[in-house]
Amino acid sequence: MRKGVIRPGHIQLRVMDMEEALKHYRDLIGLIEVNRDDKGRVYLKGWTEVDKYSLVLVESDTPGLDFIGFKVLNDDVLNGLKNDLIEYGCEVSEFPAGELDSCGRRVSFVAPSGHTFELFADKEQTGKWGLADINPDPWPLNLTGMKAERFDHCLLMGPNVPATQALFEQVLGFGLSEQVVAPDNTVVAAFMSCSLKAHDIAFVDCPDPGKLHHVSFLLETWQDLLKAADLLTMTETTKDVGPTRHGLTSGQTIYFFDPSGNRNEVFCGGDYYYPDHPPVTWKAEDLGKAIFYHELYIHPTYLEVLT
Amino acid sequence: MQPFSHRPVVFLKENTMSYHITIDGEHFNCPKGQTVLIAMRTLGVDCLPVGCCAGGCGVCKVIVLEGDYATKVMSRAKVSIEDEAKGIALACRILPESDLTICRVKD
């Protein structure tokens, strides 16, 4: 049952060289740089996003994921979910409004997978970038690179996938849209949605807690994906896989790496999810087909290369 | 019938300064200014796993036994300051400054 979590709101990623990272996320992927703060963090957004930003980059000597924030409907929902998390047994902490630029207070917790999540109800809304509020054009001029539309989802790797799935279902009201099931019936991958999207967050089993597999940005069409692949070659960016199609979610995809080794995806298309849908199930024995529907196999480092 | 070689035909640019790299008994040349891992991949040599190629994931970890080199920035979660002093590095970040003898390090 839905509990008032409405969408992935932001992700804070660690990068080893900010200017290199900006050439990648801003100039190549085409996100819009909207602000920098006194802690050296840089804030970016996809042009279709209404909130002020969705990607926060922070310089570090170790790349990877700091946290993912989900936006909730309002402050009452935020207070309710904070209590529900505490009652469920989570250790919860809170950041005051303004600790992240233009964002209200944030309720933070660590999932059994080892990843840090937070919930927030308020963030400044600056509107879709470059478009008027009244009689808007379909897209703005002066976009660059892949012209990514929005930060869409993440795939995270860590232990305790069933416990993490239970927390997201029972406390945060996500639904299980797709799953990968081992021969002994344990769920080894859980794709979860708080919206109509095929996934807003995905968890895949691995022994190391808190790992980032990829952060994904939405493009409009398959043709945009082909041109994105051209841009990867033009800019000598390391491509991982694609363009190809996933079995899981049936989305079309390319994987590549940022200059600190964080895996990115650009994708388009794919399935949708209503809360009454039973989960789509894939067998772990057929993981090649589930992940790369055309190649039918997973190259050896795909599930090992993590930050 | 002979099986097809999986190594592509590679033509090196003429007059490119290059260094001789040995990794666990396999040999190839690395042009000056290119990282060891990218040179290996370009030549179709398969002696190290190729991951993010950006110093983040650590799958191409090696120890340099002999030779001089510089490194680009590497994740401290994968190569500590102490490791670095022992010659441990990520092949995707090693820029050779002489011929190198290298061993793979498995975590």
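Predicted model only: the values in this text are computed from it and were never measured.

Cut-offs and rules
Residues numbered from 1 in each chain as written. Chains lettered and ligands numbered in written order. Predicted model: local features only at pLDDT ≥ 70, side-chain atom pairs only at ≥ 80, totals over all residues. Heavy atoms only, no water. Helix = DSSP H or I, 4+ residues; strand = E, 2+ residues; numbered from the N terminus. Buried < 20%, exposed > 50% of the residue type's maximum accessible area, 1.4 Å probe, protein only. Contact = heavy atoms within 4.5 Å. Areas by Shrake-Rupley, 256 points an atom, 1.4 Å probe, with all protein chains shown as cover. Pairing = 2+ DSSP bridges. Axes fitted to C-alpha atoms, helices over the stretch in contact; angles between N-to-C directions. Salt bridge = Lys/Arg side-chain N within 4 Å of Asp/Glu carboxyl O. Buried area = accessible area lost by both parts, 1.4 Å probe. Polar contact = N/O pair within 3.5 Å; in protein donor to acceptor, adjacent residues only side chain to side chain. Nonpolar A, V, L, I, M, F, W, Y, C, P; charged D, E, K, R; others polar. Core = buried A, V, L, I, M, F, W, Y, C linked by side-chain atoms within 4.5 Å. Domains from an automatic or database assignment. Phe/Tyr/Trp six-rings, centres within 6.5 Å; stacked < 30°, edge-to-face > 60°. Lys NZ or Arg CZ within 6 Å of the ring centre and 35° of its normal.

Chemist: In this structure, what is going on with the overall build of chain B? I would like to understand it.
Modeler: Looking only at helices and strands, chain B features 2 helices and 7 strands. Element order for chain B, N to C, with α for helix and β for strand: β-β-α-β-β-α-β-β-β. Taking all 107 residues of chain B together, 44% fall into the buried category. Long-range pairs, those at least 24 residues apart, make up 57% of the contacts in chain B with a sequence separation of at least 6. As presented, chain B carries roughly 6,000 Å² of accessible surface, and 52% of it is formed by carbon and sulfur atoms.

Chemist: Just to check I follow, could you spell out the sheet that holds strand β3 (residues 61-66) of chain B for this structure?
Modeler: Sheets are built from strands that pair by backbone hydrogen bonding, the pairs being arranged parallel or antiparallel. Residue and element names in this part refer to chain B. Strand order in this open sheet of 5 strands is β2-β1-β7-β3-β5, and the pairing throughout is mixed. Across the chains shown, the open sheet's two edge strands, defined by having one partner strand only, are β2 (26-31) and β5 (88-90). Sheet twist, expressed as the mean angle between neighbouring strand axes with direction ignored, is 40°. Here β3 runs beside strand β7 (residues 100-104); their pairing, made up of 4 bridges, is antiparallel. Bridging across to β7, V62 finds its partner in R104.

Chemist: For this particular structure, what's the right way to read the environment of E26 of chain B?
Modeler: With respect to the helices and strands, the residue E26 of chain B is situated in strand β2. Between the C-alpha atoms of E26 of chain B and T101 of chain B, which are 75 residues apart in sequence, the distance is 9.9 Å.

Chemist: Please clarify how the pattern of salt bridges should be interpreted in this entry.
Modeler: Where side chains of opposite charge bring their charged atoms close, a pairing between them can arise. Residue and element names in this part refer to chain A. Within the structure shown, the criterion is met by 23 salt bridges over all chains. R41 is the salt-bridge partner of D37, the closest N and O atoms lying 2.8 Å from each other. For D37, a relative accessible area of 18% puts it in the buried group.

Chemist: Teacher, can you tell me more about the interface of chain A and chain B here?
Modeler: Often, the extent of an interface is quoted as the loss of accessible area upon association of its parts. Contact with chain A, which involves 16 residues of that partner, is made by 18 residues of chain B. Both faces considered, chain A and chain B share a buried interface measuring about 1,000 Å² in area, 64% of it formed by carbon and sulfur atoms. There are 2 residue pairs in polar contact (both at pLDDT 80 or more) connecting chain A and chain B. Of the residues assigned to the side of chain A that touches chain B, the class counts are 6 nonpolar, 6 polar and 4 charged.

Chemist: What should I look at first to understand the nonpolar core in this one?
Modeler: It is characteristic of soluble globular proteins that their nonpolar side chains tend to be buried jointly. With 61 residues, the main nonpolar core has L57, F117, M146, F168, L172, I201 and F217 of chain A as its most contacted residues. Residues lining this core come from more than one domain, with at least three contributed by each of domain 1 (5-120) and domain 2 (150-304) of chain A. Those residues in contact with F117 of chain A, other than ones at most four positions away along the chain, are I68, F70, V107, S108, F109, A111, L156, F168, I201 and F203 of chain A. Counting residues in hydrophobic clusters, the runner-up holds 27 residues, among them I23, V36, L37 and C60 of chain B.

Chemist: Whenever I open this one, the domain arrangement of chain A confuses me. Can you help?
Modeler: All names here are of chain A. The domain boundaries assigned to chain A delineate domain 1 (5-120) and domain 2 (150-304). Computed over C-alpha atoms only, the centres of domain 1 and domain 2 are separated by 20 Å. Domain 1 puts 41 residues into the contact, and the matching count from domain 2 is 41 residues. Between domain 1 and domain 2, roughly 3,000 Å² of surface is buried when both sides are summed, and carbon and sulfur atoms account for 74% of that area. Among the residues of domain 1 in contact with domain 2, L28, Y88 and P112 are the three that bury the most area, contributing 18% of the side total. Counting every contact that joins domain 1 to domain 2 gives 0 salt bridges.

Chemist: What exactly am I supposed to notice about the packing of aromatic side chains here?
Modeler: Each aromatic ring pair is characterised by the separation of its centres together with the angle its planes make. Residues and elements named next belong to chain A. Counted according to the given criterion, the structure contains 15 aromatic pairs over all chains. Through pairs of rings, three or more aromatic residues link up here, namely F70, F109, F117, F168, F174 and F203. The side chain of R106 reaches across the aromatic face of F95, ending 4.6 Å from its centre. A cation sits over an aromatic face here: K123 above Y53, 4.0 Å from the ring centre.

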